[in-house]
Amino acid sequence: MSCFELIENKMKSVALSAAAISAFRHSVQVLESKQSMMIPESDIVPAEGVADWEELVAATPEADAALLAQSVLIKLNGGLGTSMGLQKAKSLLEIKPGLTFLDLIIRQVKSLRAAAGYPVNLLLMNSFSTSEDTMAHLSRYADEGFADSAAVEMIQNRVPKLLTDSLEPVFYPAHPELEWCPPGHGDIYPALLGSGWLDKLLAAGVKYAFVSNSDNLGAQLDTRFLRWFAESGSPFVMEVTRRTEADKKGGHLATRAADGQPILREVAQCPEEDVEDFQNIDKHRYFNTNNLWIRLDALRDYLASHDGVLPLPVICNTKTVDPRDSSSPSVYQLETAMGAAIQCFPGARAVCVPRSRFFPVKTCSDLLLLRSDAVEINEAGLMSLAPECGGVAPLVQLDSKLYKLVDSLDSLGVPSLKHVKKLQVTGPHTFAPGEPLCGEIIV
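**Student:** Would you take a moment to explain the side chain of aspartate 297 for this structure?
**Tutor:** Position of aspartate 297 relative to the elements: it lies in helix α12 (residues 296-305). Separated by 2.7 Å, the side chains of aspartate 297 and arginine 295 make a polar contact. If we skip the residues at most four places from it in the chain, aspartate 297 touches Leu202 and Lys207.

Below, the structure written as structure tokens:
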């Protein structure tokens, strides 16, 4: 039996869809072909034709109720906050007293529904790890229709880890759950198709999807951007923002030299000899915020003409099947990135947005800033910096050893940061609640 047959049988055994199997088969074929997964500097030029958010929004009126009714807000909600000491969905982390990321998302959708006079769609792409916690939390919104998994939930697929010497799916009876890995957020496309959600949304008249990570507080469905996107005729738009030194290792936008198509290049796709160019933020100026706008009818048509597969670049990670046991079998974990789909659609575009559209929480430093008075959240669920910040978020740098886990913030306390340019904490300390700080503070 070939490795493809073994893989297909394994995926069918856990009821994964034909779309998920086809997408993974493509990834394995790329790996088996031994074709380069790298994007060398010689194949690209710096991104061209990037539009400016401020200019677009200034010239575009807000979307009306009819347009809002044709939109869906899709949130990637499959991540656990394990790196911050959580064992539940990261979106259940409190960012203000009694307010989680998930509550904030619901608040935003309710505001859009009030403006449209219509139940604007919300779709959460949960993983097997986050589904139960997420839906339990949403039970508090049952009266508003958010607690019905059939109405708001799509489950992320999983894919088998492959033995590096044979490309066969690994068999690890000691811990069978370790035989599987997440396929990366590029899975959103086979998940939409295989779950039936793509057809369901289109049948309901929904054409425009705004997709973002649930831990990105700045990713809000902007009604002016929605109207511009609908009128632009573009099938796919990526929100990018200017890179800083802090972003130089993150994926950047580029233009394919051969045909002028915009593409996304991740650091794992950069040859070692091109790393210096990859990290040159003056040359490659834009990085992907993972905020995407997608025409669902264009996605349906592309999938229909390509056997249900979006041929995304493959990112191959070599690990051991048990990450805690270096003697366990060596495996490949194959992933795809959803932003890489920009290369699949003729007419795809990128828009440079303000940094406020990209406000992810990856560390306790990020979380402390959000919990402080430097960040304000209104009744519509929209985030903004306090006026005293002058449009620039304070830089927070907490000791990564002492303040790695969320619980460690309880002993630190939350000071006032709206007059702070920089806060650096390099040892154990306790702030009084709301303790006023100003300027550049080093503790």
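**Student:** Quick question: what am I supposed to make of the environment of aspartate 274 here?
**Tutor:** By the secondary structure assignment, aspartate 274 is in the loop between β14 (262-265) and α11 (275-278). In this structure aspartate 274 comes out as buried when scored by relative accessible area, which is 11%. In this structure, the C-alpha to C-alpha distance between aspartate 274 and isoleucine 44, residues 230 residues apart in sequence, is 11 Å. Look past the residues within four positions of aspartate 274 in its chain and what remains in contact with it is Pro40, Glu41 and Arg265. At 2.8 Å, the side chain of aspartate 274 and the backbone nitrogen of glutamate 41 are in polar contact.

**Student:** Would you take a moment to explain the packing of aromatic side chains for this structure?
**Tutor:** Each aromatic ring pair is characterised by the separation of its centres together with the angle its planes make. Applying the stated criterion to the full structure yields ten aromatic pairs. Measuring from ring centre to ring centre gives 4.5 Å for phenylalanine 210 and tryptophan 293, while their planes differ by 35°; the resulting arrangement is tilted. Residue phenylalanine 210 is found in strand β11 (residues 208-213), and its partner tryptophan 293 is found in strand β15 (residues 286-295); the two are separated by 83 residues along the sequence. Across the pair, tryptophan 293 and phenylalanine 210 agree in class, each one buried. Members of the aromatic cluster, joined through ring pairs, are Trp53, Tyr208, Phe210, Phe225, Trp228, Phe229 and Trp293. We note arginine 158 situated over the ring of phenylalanine 128; from NZ or CZ to the ring centre the distance is 4.8 Å.

**Student:** Any chance you could explain the pattern of salt bridges here in plain terms?
**Tutor:** If charged atoms from side chains of opposite charge come close, those side chains can pair. Taken as a whole, this structure holds 19 salt bridges when the rule is applied. As a salt-bridge pair, glutamate 239 and arginine 357 come within 2.7 Å of each other at their nearest N and O atoms. Taken as a pair, glutamate 239 in strand β12 (residues 236-242) and arginine 357 in the loop between β18 (349-352) and α13 (364-371) lie far apart in primary sequence, 118 residues in all. Residue glutamate 239 is classed as buried on the basis of its relative accessible area of 0%. Through salt bridges with shared partners, a single network forms among Glu41, Arg265, Asp277 and Lys283.

**Student:** What is the right way to read empty space enclosed by the protein from this model?
**Tutor:** Empty pockets left among the atoms are what a rolling probe the size of a water molecule brings to light. A full pass over the atoms with the stated rule returns three cavities of 30 Å³ or more. What the largest cavity holds in volume is close to 230 Å³. Around the largest cavity, the lining is made up of 20 residues, and of these Ala23, Phe24, Ser27, Pro190 and Thr336 lie nearest the centre. Elements with a minimum of two residues in the lining of the largest cavity: α2 (18-32), α8 (188-195) and β17 (330-335). Considering each element in turn, the lining of the largest cavity owes the most residues, five residues, to α2. Grouping the constituent residues of the lining of the largest cavity by class yields twelve nonpolar, six polar and two charged.

**Student:** In this structure, what is going on with the layout of surface pockets? I would like to understand it.
**Tutor:** Here the second largest pocket defines a volume of roughly 470 Å³. In terms of lining, the second largest pocket is formed by 19 residues, of which the most central are Gln220, Leu221, Asp222, Thr223 and Leu382. Elements with a minimum of two residues in the lining of the second largest pocket: α5 (101-116) and α10 (223-232). Examining the composition of the lining of the second largest pocket, we find that four residues originate from one element, α5, more than from any other. In terms of residue class, the lining of the second largest pocket is built from nine nonpolar, six polar and four charged.

About the cut-offs
- Residues numbered from 1 in each chain as written.
- Predicted model: local features only at pLDDT ≥ 70, side-chain atom pairs only at ≥ 80, totals over all residues.
- Heavy atoms only, no water.
- Helix = DSSP H or I, 4+ residues; strand = E, 2+ residues; numbered from the N terminus.
- Polar contact = N/O pair within 3.5 Å; in protein donor to acceptor, adjacent residues only side chain to side chain.
- Contact = heavy atoms within 4.5 Å.
- Buried < 20%, exposed > 50% of the residue type's maximum accessible area, 1.4 Å probe, protein only.
- Phe/Tyr/Trp six-rings, centres within 6.5 Å; stacked < 30°, edge-to-face > 60°.
- Lys NZ or Arg CZ within 6 Å of the ring centre and 35° of its normal.
- Salt bridge = Lys/Arg side-chain N within 4 Å of Asp/Glu carboxyl O.
- 1 Å grid on protein atoms, 1.4 Å probe; cavity = no way out; pocket = protein on both sides within 12 Å on 5 of 7 lines; lining within 4 Å.
- Points joined across faces, edges and corners; volume = space filled by probe spheres on them.
- Nonpolar A, V, L, I, M, F, W, Y, C, P; charged D, E, K, R; others polar.

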